Amino acid sequence: MPIQPVDNSYFDSKEFKEDLRRYEEMIHGGETTYLDSEQLTDIAEYYHSRGKIDDAVSVATYAIDLFNGATAPLVFMARMMLVRDNNPESAEEYARQIEDKSDLDYYYIEAEIMIAKGQYTEANEYLHSCFDTLEDPLDRSDFILDAATLMADYEQMEMAHEWLKQSNETECNDYQEALGRILFSKGDYAESERIFTRLIDENPFSAYYWNQLSASQLMQDNIHEAITSSEYALAIDPNDEEAILNKANGLLMLYNYEEALRYYHQYSELHPLEAVGDLYQGICLFNLNRLEEAIEHLKKAEVNYRGENKQYQQEIYQELAFALSRSGRLDEALYYVNKTDDIDCNHEEMMVLKGHLYLEHQRIDEAQMCFQKAVDASKMSPDILLRIAISVYDNNYINLAYNMFYSLLEASDGNIHDGYSYLAVCAYELGNYDDYLQYLRKAIIENPREARNVLNGLFPEDMEPERYYEEAKRQLKK
């Protein structure tokens, strides 16, 4: 079983379609047909890629029963235990059954189980010890790239990069893929985009390449291009989960909540037991002011959260607090803020959130107390002061917010790049149009993403932030 996502183009081949037809005829009462363990595992991969998890497990289990000790189906099930169930112990049980302990895929799954337990250094050392036993130059070359890819899959980019440096296959696609992902992780989105654009030129039918390109474009705020790239991936595979998420995220960034909601729902249908689909459906519904539906999805996300991404847990609690507070249920909202006390997150930010909720309900004294605690605990962090000013603005204390943003940014000596968009919109709402234009120009230069998020309501929906200043002058003149 490959470490990387399966190349779905294989599923369109005549060979695979014939194998799939024979298998499906057999399980629906047709004649018994012979398919080897690799062919059956390919069918399991196909079902998994289509969100048919039960069918995938069924065919893999059938292969395991039929071919005792075969590597491919056992590795597939071990990875299912890791990725779907977050259960390294069950994965170990499957790996233990693999007969050929010198198979490269056996090495990979053993290392992956260690990584899933958080034993990154041990996994890396184990891979090096396995590599030292290899004599075939081709195996060694493949191993280097697979080890780099495995480490990249688990965001261990420094280790991935160290493996990649050992490879002489710098022009091959596997090397370029791994390099593109490593550059992406280091924030070099433009170079990552260049690499995946070149790979697409060579293989335009790889949904994986289109997805990587889309992710790079999203991170550069090239949202329309990112959505287009995700649509190419979806044209190749309408159920490609990464493409669905990329398109949903792009639509969310464009404030197209209705369309984004549809794609997040599609993702949840493919992965009903994952938190992310319901989390972002809840965010869309909150922005559409469908509060009870939002709360329902966010609570479902809370139930489904299995530790796959620590950021999701904080987001779930945070978004539940916003939605419950907006619907008048302050005590329940505060309960979810308090739940963040027991998780790994920025607790000063959560104290600002608590103050924001009190302020939303005009409980000024409690809000001030929370804000002061956050300021003291953070030792007057500019980021915390900025978040408090944003809360004051969001609660419609425009004059106070203007003064807070102005004081913070004036004292920053140009070291803060956030907040100018808020200063601009405050000036606009207060009728200080000269200041509005001055801070708008600064906002576009310093943080165009923030400018889009904060000022989008003043400009046509599909307008890019770099055009805001000229459009604002035109609007004021008119």
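These numbers were taken from a predicted model, which means no experiment stands behind them.

1. Concerning the overall build of the chain
Reasoning step 1: In terms of helices and strands, the chain carries 27 helices and zero strands.
Reasoning step 2: Counting only C-alpha atoms and orienting by the principal axes, one finds that the chain spans roughly 75 × 45 × 45 Å.
Reasoning step 3: Scored against the burial criterion, the 478 residues of the chain give a buried share of 51%.
Reasoning step 4: Sequence-distant contacts, at least 24 apart, represent 53% of the contacts inside the chain between residues at least 6 apart.
Reasoning step 5: Accessible surface computed for the chain: about 23300 Å², of which carbon and sulfur atoms make up 46%.
Reasoning step 6: Taking the 41 positively charged and 92 negatively charged side chains of the chain as two groups, their mean positions are separated by 6 Å.

2. Focus: the packing of helix α24 (residues 420-429) against helix α26 (residues 448-455)
Reasoning step 1: Running from N to C, α24 and α26 cross one another at 35 degrees; their axes reach a closest spacing of 8 Å. In the crossing of α24 with α26, the sense of the turn from one axis to the other is right-handed. Counted together, Tyr420, Ser421, Tyr422, Ala424 and Val425 of α24 and Glu450, Ala451, Val454 and Leu455 of α26 form the full contact between these two elements.
Reasoning step 2: Residues belonging to the contact of α24 with α26 are distributed by class as follows: seven nonpolar, one polar and one charged.

3. What about the nonpolar core?
Soluble globular proteins: nonpolar side chains tend toward being buried together.
Reasoning step 1: By size, the foremost hydrophobic cluster in this structure holds 164 residues, and its most contacted members are Leu127, Phe143, Trp163, Phe405, Leu440 and Leu455.
Reasoning step 2: Among the elements that make up this core, the one with the highest residue count is helix α6 (residues 104-116) (nine residues).
Reasoning step 3: Not counting the four nearest positions on each side in its chain, Leu455 is found in contact with Ser421, Ala424, Val425, Leu440, Glu450 and Tyr468.

Each value, and the rule that gives it
- Residues numbered from 1 in each chain as written.
- Predicted model: local features only at pLDDT ≥ 70, side-chain atom pairs only at ≥ 80, totals over all residues.
- Heavy atoms only, no water.
- Helix = DSSP H or I, 4+ residues; strand = E, 2+ residues; numbered from the N terminus.
- Buried < 20%, exposed > 50% of the residue type's maximum accessible area, 1.4 Å probe, protein only.
- Contact = heavy atoms within 4.5 Å.
- Areas by Shrake-Rupley, 256 points an atom, 1.4 Å probe, with all protein chains shown as cover.
- Lys, Arg positive; Asp, Glu negative; His and termini not counted.
- Charge placed at Lys NZ, Arg CZ, Asp CG, Glu CD.
- Axes fitted to C-alpha atoms, helices over the stretch in contact; angles between N-to-C directions.
- Left-handed = near helix turned anticlockwise from the far one by under 90°.
- Nonpolar A, V, L, I, M, F, W, Y, C, P; charged D, E, K, R; others polar.
- Core = buried A, V, L, I, M, F, W, Y, C linked by side-chain atoms within 4.5 Å.

As far as function goes, none of this settles anything; it's purely spatial.
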